[in-house]
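Each chain, written out:
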Amino acid sequence: MAGIERPGPLYQQVAAAIRQGIADGEFPPGSPLPSEAQLIERYEVSRPTVRNAIAALRSEGLIEVRHGKGSFVKGSPTPPLTIERTITRSGKTYAPELAGWTEAHEPTVYRTETTSTTGPLLELGEGEALFGVDRVLIDQATGARVLHRVLIPFATAENTPPLADAPDTALEQIYAALTGPGHKLTWSETVRARMPQADERSALQLPDATPVIHTLRVTHGTDHQPLILEELRANGSQAQLTYRITADSPRTLRAVRN
């Protein structure tokens, strides 16, 4: 195989190529990887580059190094943390899926502005004022950590007591308060995987070369009006998300697209 030609540090390119080989079944679970010499010849790189690539894959949990025998592909166990992306309601009481998680410390409350990403989701221009609330949450069963952020437009806060004075109100109480002005709440969510920023890697205690799952959930009111935006970021090699899917009427689908 000729040398690889992709953007990014060379060892990450080699790691990505091996990772793809594992995903494609070229290197099945339990099988040995080619030797260092074979990988050097295959990818036309140096020995330190191959060793750094192997170290990155090892930190991701994809391979294990057996002393005197080489590197072997691990199996693909089910991620140890399943997050059900479901909101339940009983009367006027809401129960978000993370309500039972423990806060690592007091939430951080600040003022911020919409960006080119968050503005369109909230149907606001870039630079519009928001309250931001950041939390680090811990699952007691697994010790897993997630980052949860709520972005509240000033207009939503002004029309929804007590958000103007206490943006860090618990999420279930925010949902209940949002129904006060007569809103019937609905939600939409997008999910993507990406590599973490430095502060995310530190807060989530991520190994090197580990991606994050990043969700963006919008709470909608009457006429599909965006009210608040939530962000959830979790360890992409540790967590999996599950969803309950229902069939929408054509009228509802048109409203979502508009």
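Residues numbered from 1 in each chain as written. Predicted model: local features only at pLDDT ≥ 70, side-chain atom pairs only at ≥ 80, totals over all residues. Heavy atoms only, no water.

Student: Describe the confidence of the model for the protein, listing the residues and the values that go with them.
Tutor: Confidence in the prediction for the protein averages 88 pLDDT; 90% of positions are at 70 or higher. Taken as a whole, residues 252-258 scores under 50 in pLDDT and shows three contacts with residues more than four places along the chain or in a different chain. (pLDDT = per-residue confidence, 0-100. Contact = heavy atoms within 4.5 Å.)

Student: Talk me through the pairing of strand β11 (residues 212-220); I want residue IDs and the actual numbers.
Tutor: Judged by how many residues are buried, β11 sits mostly within the fold: nine of nine residues are covered. Of the strand pairs in this sheet, strand β10 (residues 186-194) and β11 are connected by nine bridges, and their pairing is antiparallel. Considered in β11, the bridge of Ala193 is made with Ile213. Between β11 and strand β12 (residues 226-235), which pair antiparallel one after the other, the connecting turn spans five residues, and Asp223 there sits at a positive phi close to 55°. (Buried < 20%, exposed > 50% of the residue type's maximum accessible area, 1.4 Å probe, protein only. Helix = DSSP H or I, 4+ residues; strand = E, 2+ residues; numbered from the N terminus. Pairing = 2+ DSSP bridges.)

Student: For the nonpolar core, give the residues involved together with the corresponding values.
Tutor: Ile18, Leu33, Tyr43 and Ile54 are the most contacted members of the largest nonpolar core, which totals 17 residues. Within the residue set of this core, elements represented by two or more residues are α1 (10-23), α2 (36-43) and α3 (47-59). Among the elements that line this core, the one with the most residues is α1, at five residues. Formed by 14 residues, the second largest nonpolar core is a distinct cluster that contains Phe131, Ile174, Leu227 and Ile228. (Core = buried A, V, L, I, M, F, W, Y, C linked by side-chain atoms within 4.5 Å.)

Student: Help me get a handle on a nonpolar patch on the surface, residues and values and all.
Tutor: A cluster of nonpolar side chains, namely Val191, Tyr243 and Ile245, defines an oily patch on the protein surface of about 330 Å² accessible area. Structurally, Val191 is set in strand β10. (Patch = residues over 30% accessible without salt bridge, like charges linked within 9 Å, V, L, I, M, F, W, Y side chains within 5 Å. Areas by Shrake-Rupley, 256 points an atom, 1.4 Å probe, with all protein chains shown as cover. Salt bridge = Lys/Arg side-chain N within 4 Å of Asp/Glu carboxyl O.)

Student: Provide a residue-level description of α2, including the pertinent values.
Tutor: All of the buried residues in α2 are Leu39, Ile40 and Tyr43. Seen end-on, α2 carries its buried residues on one side only, within an arc spanning 100°. On its buried face, α2 sits against α1 and α3. Of the residues flanking the end of α2, it is Glu44, one or two places downstream, whose phi is positive at about 55°. (Arc of directions from axis to C-beta.)

Student: Quick rundown of the packing of aromatic side chains? Include the residues and the values.
Tutor: In this description, an aromatic ring pair is defined by two values, namely the gap between the centres and the angle between the planes. For the coordinates displayed, the defined rule picks out four aromatic pairs. Residues Tyr94 and Trp187 carry aromatic rings whose centres are separated by 6.2 Å and whose planes lie at 65° to one another, so their mutual orientation is edge-to-face. Taken together, the residues Tyr94 in strand β5 (residues 93-95) and Trp187 in strand β10 connect sequence positions 93 residues apart. Given the relative accessible area of 7%, Tyr94 is considered buried. Residue Trp187 is classed as partly exposed on the basis of its relative accessible area of 30%. Each ring, one from Tyr175 and one from Trp187, has its centre 5.3 Å from the other, and the planes form 70°; the classification is edge-to-face. Here the residue Tyr175 occupies a position in helix α6 (residues 171-178), and Trp187 occupies one in strand β10, the gap between them amounting to 12 residues. (Phe/Tyr/Trp six-rings, centres within 6.5 Å; stacked < 30°, edge-to-face > 60°.)

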